[in-house]
Amino acid sequence: MSLLGEDIMTEEGEFVINIGPQHPSTHGVLHLKVWLDGEMIKKVQPHLGYIHRSIEKMSESLSYRNFIYATSRMDYLSAHINNQACALCVEKGLQVEVPPRAQIIRILMAELTRLSSHQLWWGCTGLDLGAVTPFFYAFREREAVLAIMEESCGARLTQNYCVPGGVMYDIHPNFQNRVKDVIKQIKSKFQEYDDILSGNVIFEQRTKGVGYLSPEDAVSFGCTGPTARGSGVSCDVRKWFPYDGYEKVQFKEILETGGDCYARYMVRMAEMKQSVYIIEQLIDHIPEGDFQAKTKAVIKLPKGEFYQRVETARGELGVYIVSDGAASPYRIKYRSPNFSNLSALGHMATGSKIGDLVAIMATIDLVIPDVDR
Amino acid sequence: MFLKEYFGTIFRSVRSLLKGMKLTGYYFTHPKEIHTEEYPDNRATLQMFDRFKGEVVMPHDDNNEHRCTGCQACEIACPNGTIKIITKQELQPDGKKKKAIDTFVYHLELCTMCNLCVVACPSDAIVMAQTFEHSVYDKKQLKKVLNKPGSKIMEGVE
Amino acid sequence: MSLFLEISFSAMANGLHNWLAGSISNATLVSVTEMAIAGVSLLLFLVPLCFFLGYMERKVAAFMQIRLGPNRVGPKGTLQIVADTVKLLFKEGLTPNASDKFLFNLAPIIVVVTSMLAMAPIAFAKNFQIWDINIGVLYVSAISSLAVIGILMAGWSSYNKYSLLGAMRSGAQIVSYELSVGLSLISIVILTGSLRMSDIVASQADGWWIIKGHIPVIISFVIFLIASTAEINRAPFDLAEAEQELTAGFHTEYSGMKFAMFLLAEYINLFIVSAIAATLFLGGWMPFHLGNWSFFNNVMDYIPGSLWFMGKTFLIIFIIMQFRWTFPRLRVDQLLTLEWKYLLPISMVNVIIVTMMAIFGWHL
Ligand code: SF4
Ligand code: SF4
């Protein structure tokens, strides 16, 4: 029988716990090695690779039409936006013009994806902080959004709706009506979100001033998306490098200056409203025309390098394709937002408590398959 | 001043907590808002969306005829080797030989429902079915042959 | 009906006592037999009670979360908890190799036994009480603070870092919240002038304390609710378990029946805390009376006392459950801030006001 205290410490006399890879609040198989001093965190070290599927390497043996579907499995909550990024990159190489109808459909789907992703995130944030009920309220609306996806794209999560040149098939005839209904429902529920979580004093206490990330650090860690915008770094790809006609759409880039968990939370809450605003603008103005540009049966990109960035629900996703002129890419690299955002976790969590670590993880909204790819 | 702040904090906190309890209380007293989908019980009435991608099937008409020419475009389009097409040479009435499918093997366990094969097929021989209850006890049962025994290609499909 | 029930409960107890005294000459033996009967009937009462509380919790949670909750086993899912218990019974009770086996197995027993002991002075109906001890309130608060020993033991002996952290949190939490619970109980004791449960109930014959005692008693009622929620480790104060932080806290390593015992203790504690609140603040088994409305009062009298008691208790149980399914969890330092900066000073001032009320007879 061993007495506690003798060998529960490491040789250096440190108290180390392993959070994950199976842990309720790491949202997948993230493994964090945490050095503790009582409740205080001295150091956090993420260990990756538990769900590495070598999507990048695999894509090198697939044709330009076929590699897109695999990106749905990276950041599965922004599956459509990932697909869009790949399609855009291939289109850049081919220099095809995407028909306006396809562009608008893509934007609509992307904003719906962002909405559903943020709804899931909202529920999970509540869950991580110990409030179970918001999760179910979030899923009620998310379910409605996913029904739109299912009706038009045929799948709820891994839609594979974007193809080089446009979208795979036209929207469902019922699409516009359903979207309008869902938007109405969602708008009426925002107040509930505030009542049960945002305004709650315990929630404010748990998030305000927790996990501070200064703008300088956000930039140097390469954070993007709401994580960086919560620190006041303007980095919305839709504004800075518009794609698929985002330049014609009106919306605000949400910036908060707090840099703490609460600021990141507020950025996402406001982004949901912006997404709703974008969808409302476009839903009645889907132009007629083709939903797909004509492309050759076998796509071959010219020799060269192509890079395309998009704004997923978590930040900037970059697709980098090197082509040697063959029918499949020579090399593919994804710049995934979660990987960079995760790298700031240790910096943010040092000096805070275990409960804060969970709050920080929740508000940088990690999706582990995107970190590992 | 200090006291005012102190009690102000308490007052605001209690109010925010009561707001949350009002919401949960509302849902507790309004069972109509329940969103549970009682899945196995509503099987009879469950309607899947007509585009839902459940599995790849090959429709046959009443004469046990399908539209597949055995061109293998779907096999090439599939990103993960789900489809294997075994062809044979069939003797035509006019004495010429023609390529036709012998077996269309479809591995449901590998399929990602990406729809690329359906889009690639030049003669619309395969479609997505809306079935979704695919679980079986033995993995071997997931390997399916899509063309029915004794079926042949429809007249006029090239 | 009411008379019938009340008579039957006290008559049952008296009849039993007389019959035993008649048939057994030795007085000690009589007491021992009575104790055994009380113990057995307590167990017979507690197990179905915990089943019901488990079912209630899941249904309450489900309805608040726009779900249906258990609805497969038995009519409307009523047998779900029975099925769960059977499952737990058949599960393997693992004991980690490196654990301190004796303490590891002892801990769940201590937790359950302490929570059962606290049932003794609770008055279910008139003259229906296991032990009408003259220091009832003190006894309950003393016994309930013993539970922390079991939790510390469980966390320590499991040889698991998560368990250890959970146990440490629990220790700090219970020790501090004990104070507020005690102070808010004291305010009623001051008003009544007695620690005996039956006296406290009797003092509320002309109105419950929460009505008679004006705002100070309402404040101590609220403080009692908050602090006792913390003391029985329920969300939003469930830091010792904190699923999202410590997986399952102090009972991470427990499985099977030993785990079920922790669950059992949690529900018994929930019941006891609510029963104490109902007895001290809401008049126990006393019916609700309104001034001189004799007709209304008579109607109220017709409802049996045990029903009044249970109704009040379950109302409070419901409120505590609603806390759990509405609020996020506090952080460990905020938990202590809440106690030392808010609850404790307020309840101290409150006790002074209540004392003045009692001295000058300001209450109704
Ligand atoms: S749906 Fe996709 S994965 Fe399935 S068979 Fe067709 S191409 Fe292959
Ligand atoms: S299913 Fe279509 S694509 Fe596949 S072999 Fe038959 S005809 Fe060709």
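Use the structure listed above.
So, here's what we can say about the structure. (Residues numbered from 1 in each chain as written. Chains lettered and ligands numbered in written order. Predicted model: local features only at pLDDT ≥ 70, side-chain atom pairs only at ≥ 80, totals over all residues. Heavy atoms only, no water.)

## Remarks on the interface of chain A and chain C
Okay, step 1: Counting residues at the interface gives 40 residues for chain A, matched by 30 residues for chain C.
Okay, step 2: For the pair chain A and chain C, the summed buried area comes to about 3,200 Å², and 62% of that belongs to carbon and sulfur atoms.
Okay, step 3: At the boundary of chain A and chain C, one finds 3 salt bridges.
Okay, step 4: Across the contact surface, chain A and chain C share 9 residue pairs in polar contact (both at pLDDT 80 or more).
Okay, step 5: Looking at the side of chain A that touches chain C, the element that brings in the most residues is strand β1 (residues 15-19) of chain A, giving 5 residues.
Okay, step 6: When the residues that make up the side of chain A that touches chain C are grouped by side-chain class, the tally is 22 nonpolar, 11 polar and 7 charged. (Contact = heavy atoms within 4.5 Å. Buried area = accessible area lost by both parts, 1.4 Å probe. Salt bridge = Lys/Arg side-chain N within 4 Å of Asp/Glu carboxyl O. Polar contact = N/O pair within 3.5 Å; in protein donor to acceptor, adjacent residues only side chain to side chain. Helix = DSSP H or I, 4+ residues; strand = E, 2+ residues; numbered from the N terminus. Nonpolar A, V, L, I, M, F, W, Y, C, P; charged D, E, K, R; others polar.)

## As for a nonpolar patch on the surface
Residues and elements named next belong to chain C.
Okay, step 1: A contiguous nonpolar patch, built from L79, V82, V86, L89, F90 and M257 and spanning about 560 Å² of accessible area, is present on the exposed surface.
Okay, step 2: Top element by residues in the nonpolar patch is helix α3 (residues 80-90). It accounts for 4 residues.
Okay, step 3: Position of V82 among the secondary structure elements: in helix α3. (Patch = residues over 30% accessible without salt bridge, like charges linked within 9 Å, V, L, I, M, F, W, Y side chains within 5 Å. Areas by Shrake-Rupley, 256 points an atom, 1.4 Å probe, with all protein chains shown as cover.)

## Side note on the sheet that holds strand β8 (residues 331-335) of chain A
All names here are of chain A.
Okay, step 1: Overall, antiparallel pairing links the 3 strands, which are arranged β6-β7-β8 in an open sheet. The sheet terminates laterally at β6 (304-311) and β8, the two strands that pair on one side only. Going from strand to strand, the sheet's axes swing by 10° on average, the running direction of each strand aside.
Okay, step 2: Relative to strand β7 (residues 316-323), β6 is paired through 8 bridges, and the arrangement is antiparallel. By the bridge assignment, E305 is partnered in β7 with V322. (Pairing = 2+ DSSP bridges. Axes fitted to C-alpha atoms, helices over the stretch in contact; angles between N-to-C directions.)

## Topic: the interface of chain B and chain A
Okay, step 1: Contacts between the two partners involve 25 residues from chain B and, on the opposite side, 31 residues from chain A.
Okay, step 2: Between chain B and chain A, roughly 2,300 Å² of surface is buried when both sides are summed, and carbon and sulfur atoms account for 57% of that area.
Okay, step 3: Counting across the interface, chain B meets chain A through 0 salt bridges.
Okay, step 4: Class assignment of the residues belonging to the side of chain B that touches chain A gives a composition of 13 nonpolar, 8 polar and 4 charged.

## Quick notes on the sheet that holds strand β4 (residues 97-107) of chain B
Residues and elements named next belong to chain B.
Okay, step 1: With respect to topology, 3 strands assemble into an open sheet ordered β3-β4-β6, the strand pairing being antiparallel. At either margin of the open sheet sits one strand with a lone partner, and together these are β3 (83-91) and β6 (143-145). Sheet twist, expressed as the average angle between the axes of neighbouring strands with direction ignored, equals 25°.

## So, the packing of aromatic side chains
Residue and element names in this part refer to chain A.
Okay, step 1: Evaluation of the coordinates by the stated rule reveals 29 aromatic pairs over all chains.
Okay, step 2: Taking 4.1 Å as the distance between ring centres and 15° as the angle between the ring planes, the aromatic pair formed by W122 and Y193 counts as stacked. In this pair, W122 is assigned in helix α3 (residues 100-128) and Y193 in helix α5 (residues 175-198), connecting sequence segments 71 residues apart.
Okay, step 3: Residue W122 is classed as buried on the basis of its relative accessible area of 0%.
Okay, step 4: On the numbers, 6.5 Å between centres and 15° between planes, the contact of Y262 with Y265 is stacked. Placement of both Y262 and Y265 in helix α10 (residues 261-283) is noted, with a separation of 3 residues, approximately one turn of the helix. The two residues Y262 and Y265 agree in class, both being buried. (Phe/Tyr/Trp six-rings, centres within 6.5 Å; stacked < 30°, edge-to-face > 60°. Buried < 20%, exposed > 50% of the residue type's maximum accessible area, 1.4 Å probe, protein only.)

## A closer look at the site of ligand 1
Okay, step 1: Around ligand 1, 13 residues are found, and the nearest of them are C78, N80, C111, C114 and C117 of chain B.
Okay, step 2: Looking at the shell around ligand 1 residue by residue, the classes come out as 9 nonpolar, 4 polar and no charged. (Near = heavy atom within 4 Å.)

## Focus on helix α6 (residues 147-157) of chain C
Residues and elements named next belong to chain C.
Okay, step 1: Most of α6 is tucked away: 8 of the 11 residues are buried.
Okay, step 2: Taken as a whole, α6 has its buried residues at A147, V148, G150, I151, M153, A154, G155 and S157.
Okay, step 3: Buried residues along α6 sit in contact with α4 (101-117), α5 (136-144), α7 (161-192) and α12 (256-281).
Okay, step 4: Positive phi appears at Y159, one or two residues downstream of α6, with a value of about 60°.

## A word on the pattern of salt bridges
Residues and elements named next belong to chain A.
Okay, step 1: Under the definition given, this model contains 37 salt bridges over all chains.
Okay, step 2: Between E60 and R331 there is a salt bridge; the shortest N-O distance is 3.7 Å. Of this pair, E60 sits in the loop between α1 (55-59) and α2 (79-94) while R331 sits in strand β8, placing them 271 residues apart in sequence.
Okay, step 3: By relative accessible area, which is 17% here, E60 ends up buried.

## Overview of the site of ligand 2
Okay, step 1: By nearness alone, 14 residues border ligand 2, and C68, C71, Q72, C74 and C121 of chain B come closest of all.
Okay, step 2: Its residues assigned to classes, the shell around ligand 2 comprises 10 nonpolar, 4 polar and no charged.

## Overview of the environment of G20 of chain B
Okay, step 1: For G20 of chain B, the position within the fold is in helix α1 (residues 2-29).
Okay, step 2: We classify G20 of chain B as buried; its relative accessible area is 0%.
Okay, step 3: A sequence separation of 62 residues divides G20 of chain B from T82 of chain B, and the C-alpha atoms of the two residues are 50 Å apart.
Okay, step 4: Every residue in contact with G20 of chain B, bar those within four places of it in the chain, is listed here: D195 and I196 of chain A together with T326 of chain C.

## Focus on the nonpolar core
Okay, step 1: The biggest cluster of nonpolar side chains holds 116 residues, and the ones touching the most others in it are F67, W122, F175 and L357 of chain A.
Okay, step 2: When neighbours within four sequence positions are excluded, F67 of chain A is seen to be in contact with S59, L62, C86, V90, I321, I332 and Y334 of chain A.
Okay, step 3: In terms of nonpolar packing, the next biggest core, distinct from the first, is built from 92 residues, V112, I122, I174 and I317 of chain C among them. (Core = buried A, V, L, I, M, F, W, Y, C linked by side-chain atoms within 4.5 Å.)

## Digging into the pairing of strand β3 (residues 40-47) of chain A
Residues and elements named next belong to chain A.
Okay, step 1: When strand β2 (residues 31-37) meets β3, the two strands line up antiparallel, connected through 7 bridges. By the bridge assignment, K33 is partnered in β3 with Q45.
Okay, step 2: Following β2, the chain reverses through 2 residues before pairing antiparallel with β3; G38 in that reversal takes a positive phi of roughly 65°.

## Looking at the packing of α7 of chain C against helix α15 (residues 332-360) of chain C
Residues and elements named next belong to chain C.
Okay, step 1: The interhelical angle for the contact between α7 and α15, taken along N-to-C directions, is 15°, at an axis separation of 9 Å. In terms of orientation, α7 lies roughly parallel with respect to α15. α15 is crossed by α7, and the crossing has left-handed handedness.
Okay, step 2: Counted by class, the contact of α7 with α15 contains 19 nonpolar, 6 polar and 2 charged residues. (Parallel < 35°, antiparallel > 145°, perpendicular 65-115°, else oblique. Left-handed = near helix turned anticlockwise from the far one by under 90°.)

## Quick word on unusual backbone geometry
Okay, step 1: Of note in the backbone geometry, Q95 of chain A takes a positive phi value of approximately 60° without being a glycine.
Okay, step 2: For Q95 of chain A, a relative accessible area of 70% corresponds to the exposed category.
Okay, step 3: Even without being glycine, N233 of chain C reaches a positive phi, approximately 60°.
Okay, step 4: Following the sequence through the fold, N233 of chain C ends up in the loop between α10 (214-231) and α11 (243-246).

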